[in-house]
Amino acid sequence: MPSAEMTPSSVHRPEPPRPAGAEPVRPTREDEVAAAGSELIGGPIGRRALTGTSWLTPVRVVVLVAIGMFALGLVQKAPCYHSGWFFGASSQYTHACYSDIPHLYQGRGFADGLVPYFDRIPDDVSGGMGYLEYPVLTGLFMEVASWLTPHSGSIQHQEKWYWFVNAGMLMACAAVIVVCVSRTHRRRPWDGLLVALAPAFTLTATINWDLFAVALTAAAMLMWARGRAAAFGVLLGLATAAKLYPVLLLGPLLVLCWRAGRWREFFQAVGAAAGAWLVVNLPVMITHDATGFHIREGWAKFYSFSHDRGVDFGSFWLIWAQNSSHPPSTDFVNTAASALVVFSFLGIAALTFTAPRRPRFAQLAFLMIAAFILTNKVYSPQYVLWLVPLAALARPKWRDFLIWQACELAYFLGIWMYLAYTTSGDAHKGLPTHGYHWAIVLHLLGTLYLCAVVVRDILMPERDVVRRSGDDDPSGGVLDGAQDVFVLGAAARPPRHAAHFDVPHVDWGSRSSEDRSL
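In what follows, the accompanying structure is described.

Parameters and conventions
For every chain, the first residue of the written sequence is number 1, and numbering continues from 1 along that sequence. In view of the model being predicted, local features appear only for residues whose pLDDT reaches at least 70, and side-chain atom pairs are presented and counted only at 80 or more, with totals across whole chains, interfaces and linings using the full set of residues. Based on all heavy atoms of the structure, the side-chain values leave hydrogens and waters out of the count. Segments assigned H or I by DSSP are reported as helices when at least four residues long, segments assigned E as strands when at least two residues long, and all are numbered from the N terminus. Only protein chains enter the area calculation, which uses a 1.4 Å probe; residues under 20% of their type maximum are buried, those over 50% are exposed, and those in between are partly exposed. Here a residue-residue contact requires only that any non-hydrogen atoms of the pair lie within 4.5 Å. With residues, only the protein chains shown are counted as cover, and all accessible areas are computed by Shrake-Rupley using a 1.4 Å probe. One speaks of a salt bridge when a side-chain nitrogen belonging to Lys or Arg is within 4 Å of a carboxyl oxygen belonging to Asp or Glu. Among buried residues, the Ala, Val, Leu, Ile, Met, Phe, Trp, Tyr and Cys ones that are joined through side-chain atoms within 4.5 Å form a nonpolar core. Here, two cysteine sulfur atoms that lie within 2.5 Å of each other are counted as a disulfide. Think of each axis as a best-fit line through the C-alpha atoms, taken over the contacting stretch in the case of a helix, with angles from 0 to 180 degrees between the N-to-C directions. Roughly parallel refers to an angle under 35 degrees, roughly antiparallel to one over 145, roughly perpendicular to one between 65 and 115, and oblique to any angle outside these ranges. The crossing is said to be left-handed when, going from far helix to near helix, the turn is anticlockwise and less than a right angle, and right-handed when the turn is clockwise. Residues are grouped as follows: Ala, Val, Leu, Ile, Met, Phe, Trp, Tyr, Cys and Pro are nonpolar; Asp, Glu, Lys and Arg are charged; all remaining types, including Gly, are polar. To estimate the expected span of a helix, subtract one from its residue number and multiply by 1.5 Å.

**Observations regarding the overall build of the protein chain**
Line of reasoning, step 1. In terms of regular secondary structure, the protein chain is built from 25 helices and two strands.
Line of reasoning, step 2. Each of the 518 residues in the protein chain was classed as buried or not, and the buried ones make up 52%.
Line of reasoning, step 3. If you take every contact in the protein chain between residues at least 6 apart in sequence, the share linking residues at least 24 apart comes to 73%.
Line of reasoning, step 4. If you sum the accessible surface of the protein chain, you get close to 22,600 Å²; carbon and sulfur atoms cover 64% of it.

**Regarding the pattern of salt bridges**
Line of reasoning, step 1. Considering all chains together, one arrives at 18 salt bridges under this definition.
Line of reasoning, step 2. Between D191 and R188 there is a salt bridge; the shortest N-O distance is 2.6 Å.
Line of reasoning, step 3. Residue classification places R188 among the buried positions, given a relative accessible area of 2%.
Line of reasoning, step 4. The partner of R264 in a salt bridge is E265, with the nearest N and O atoms 3.3 Å apart.
Line of reasoning, step 5. Residue class for E265 comes out buried when judged on its relative accessible area of 8%.
Line of reasoning, step 6. Overlapping salt bridges, with partners in common, bring together R395, R399, D400, R456 and D457 in one network.

**Considering the nonpolar core**
Line of reasoning, step 1. Core analysis: the largest hydrophobic core is formed by 136 residues, its most contacted members being L211, W224, F232, L253 and F366.
Line of reasoning, step 2. Setting aside residues no more than four positions away along its own chain, W224 makes contact with A229, F232, L253, C257, E265, A269, F361, S475, G476, G477, V478 and L479.

**With respect to the state of the cysteines**
Line of reasoning, step 1. All chains considered together, the criterion is met by one disulfide.
Line of reasoning, step 2. Across a sulfur-sulfur distance of 1.9 Å, C80 and C97 are joined as a disulfide pair. Here the disulfide of C80 and C97 is right-handed, its torsion about the S-S bond being about 75°. Remark: C97 occurs in the loop between α6 (91–94) and α7 (100–107) and C80 occurs in helix α5 (residues 78–84); sequence separation between them is 17 residues. The burial state of C80 is the same as that of C97; both residues are buried.

**Brief notes about the packing of helix α13 (residues 210–225) against helix α14 (residues 229–242)**
Line of reasoning, step 1. Contact geometry of α13 with α14 gives a least axis separation of 8 Å together with a crossing angle of 165°. By the angle class used here, α13 and α14 are roughly antiparallel. The handedness of the crossing between α13 and α14 comes out as left-handed. On the side of α13, the interface is formed by F212, A213, L216, T217, A219, A220, M221, M223 and W224, while α14 contributes A229, A231, F232, L235, L236, L238, A239 and A242.
Line of reasoning, step 2. Split into classes, the residues belonging to the contact of α13 with α14 amount to 16 nonpolar, one polar and no charged.

**Quick word on helix α9 (residues 136–147)**
Line of reasoning, step 1. Across its twelve residues, α9 extends 16 Å between first and last C-alpha, which sits within 8% of the 16 Å expected from 1.5 Å per residue.
Line of reasoning, step 2. Of all twelve residues making up α9, nine are buried, and the element is well covered by its neighbours.
Line of reasoning, step 3. Among the residues making up α9, those that are buried are V136, L137, T138, G139, F141, M142, E143, A145 and S146.
Line of reasoning, step 4. Against the buried residues of α9 lie α7, α10 (155–184), α13, α14, α16 (263–285) and α17 (297–308).

Set out below in structure tokens:
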């Protein structure tokens, strides 16, 4: 029986408008590049379009696109799969399809059933490396792939299988990454397409095992966005056990929690991260004999190798070393690079405390990892994977993202052409040294450009496309909408640019928990 409230007038009365903070953001209506690109599939979404009413939700579409692009990346490796990895040193470079994965199957003892960190690899197999030079959780990832690889047939047959098994596992990591990026900013699921369609993401996904650490880091960012500090810490600790760079995210989080007075959540995250890292590393780290407890040499290999490694590909240090009669020593570069990272963090801290509005977590996370990459003594081509998800969250603007990606694509081609040049003997097929230096400069300039745009967004919040939609810090978790308790300089005065906002402004601390859960 109809209730008294179901009168004709009430049935046809239009629904009240949703609050601005609850409306999903449609990139084709706010981004001119996204709108132009959408013409390939029918044009920008209409004003009356019903979203979320079919199985193909935005997140599922992004995942399908990511899997399709990942598959294209596998196809791009086909010339190496058939012969380049096994016959002819320069072929894998001229086809730009090099991967560490098949080479390290035998070179790190997996073909012989050796246990990483425990069994020493013969020098004639490892080239004098002795032990696996990767962190523990990445070593476990590699070992699991080895268990799933048929240890029969020729070594080339096994290496092909090993690459395919790893590719399947890394594809799962890619899916996790785009899901986490799409869900971190609740109202901006389509930003995950920046990751899914990134050319550098597609081309470098199977060069090494970095996607595993990137997936754990993306999941950690999602947990922080949901206000789960302990879960964030556990995932960040696991990510650091797979690759060292994720621990740097605790630096930006420190200064953000300091400005907002959220110390309890910060220490929860740090404690959980340290605990997760120790749980993974202690069983491998410590060995015992008649003289007591010791650090296992195999476990320490990653850290000693990172310290002793000289200036290598992709860094501005390499340009200096190859153009100087007195190249910098490894000890000098280690000290200088560490100092530059510390100075970068101090600059990020000053920016955080003096910005008109508290920066978003994703913005500072991107700047911190970018600073580490720019100052490091080596830049392997797959390191771009560290930045792609953070860039999509920090500056979800297609024009700037694609400018940066174009520079990274130039570097991707540049390093392989340079290696083709150095391995082709007198034929010199490829890019000479000075040409490779220009490729490095393009990589550096592209990353610096995106950093500059992010810094501009922090200093001029009305230019930040996330905040122009009415949000404060959707990836900030407990920081989202929180009041400031410690500011310096200009931050102690009203925002200089607040008067220019033409979208709903979010007053800090005014949003209810119900609003933030939308």
